[in-house]
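Breakdown of the fold
Chain by chain, the residues run as shown.
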Amino acid sequence: MATSTLSPTSPDRSALHPDSFVQATDRHTHAGGNLSRVPFTLAGLTSGLLLQVVLIHLIDQDWFAFAKDPSYVQTGYTMIEVLGCLTAAALLVRRDWWLWLGAFGVAAGPLMGFVISRSVGLPHYTDDIGNWTEPIGVASVLVEIAVMLIAGRFLLGAWRKQ
């Protein structure tokens, strides 16, 4: 009668060693190496969070009004929205390191914009200086940090493997 290699009643207890289990599941859960093996659920979560970043910025610019002034701020919003949608969709199909880098960038860009616009302001865009507690801005920051943490974990794992 054959026994499972991970069974607690297995005569060969070396199969229960933590390193053996990590090697057996490495292709499904480990951040390093081939990132296309990242679990679909984490890629799906990250895609959903990226779409939240897009949604928040669409709401903040009054949906499709494209009327943020100055124009470079509107260009930034549009880039976040387009790149966020493309990266979210691509992560559901592939999970290569450059897509995780893209996800990190889609989140880091608006986070930097938030900090700069609330602290020293941007050229010809000083209305938000000191406005740290605006609810939509706080929501955006929380979602962007979550994306950066998830994407950063996989990027760091891939970098350590090299």
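One structure accompanies this document, and this report is about it. (Residues numbered from 1 in each chain as written. Predicted model: local features only at pLDDT ≥ 70, side-chain atom pairs only at ≥ 80, totals over all residues. Heavy atoms only, no water.)

Moving on: the overall build of the protein. Scanning the protein from terminus to terminus reveals 5 helices and 0 strands. Shown N-terminal to C-terminal, the secondary structure of the protein runs as helices and strands in the order α-α-α-α-α. Counting all 162 residues of the protein, 36% fall into the buried class. Look at the contacts in the protein between residues 6 or more apart in sequence, and 64% of them connect residues 24 or more apart. Working note: accessible area of the protein is about 9,800 Å², and carbon and sulfur atoms make up 67% of it. (Helix = DSSP H or I, 4+ residues; strand = E, 2+ residues; numbered from the N terminus. Buried < 20%, exposed > 50% of the residue type's maximum accessible area, 1.4 Å probe, protein only. Contact = heavy atoms within 4.5 Å. Areas by Shrake-Rupley, 256 points an atom, 1.4 Å probe, with all protein chains shown as cover.)

Here we come to the packing of helix α4 (residues 97-119) against helix α5 (residues 135-161). Where α4 meets α5, the closest approach of the two axes is 8 Å, and the angle between their N-to-C directions is 150°. By the angle between their directions, the pair α4 and α5 is classed as roughly antiparallel. In this structure, α4 crosses over α5, and the sense of that crossing is left-handed. Contacts from W97, W100, L101, A103, F104, A107, A108, P110, L111 and F114 of α4 reach α5 at G137, V141, E144, I145, V147, M148, I150, A151, G152, F154 and L155. (Axes fitted to C-alpha atoms, helices over the stretch in contact; angles between N-to-C directions. Parallel < 35°, antiparallel > 145°, perpendicular 65-115°, else oblique. Left-handed = near helix turned anticlockwise from the far one by under 90°.)

Let us now look at the side chain of H57. Within the fold, H57 resides in helix α2 (residues 40-60). Discounting residues that sit within four places of it in the chain, H57 has contacts with Y77, I80, E81, P110, S140 and E144.

According to the stated counting rule, one finds 2 aromatic pairs in the structure shown. Plain terms: the ring middles of W100 and F154 are 4.9 Å apart, the flat faces sit at 35° to each other, and that makes the pair tilted. Note that W100 is positioned in helix α4 and F154 in helix α5, a separation of 54 residues in sequence. Both residues of the pair, W100 and F154, belong to the buried class. The ring of F154 is capped by R153, whose NZ or CZ atom sits 4.8 Å from the centre of that ring. (Phe/Tyr/Trp six-rings, centres within 6.5 Å; stacked < 30°, edge-to-face > 60°. Lys NZ or Arg CZ within 6 Å of the ring centre and 35° of its normal.)

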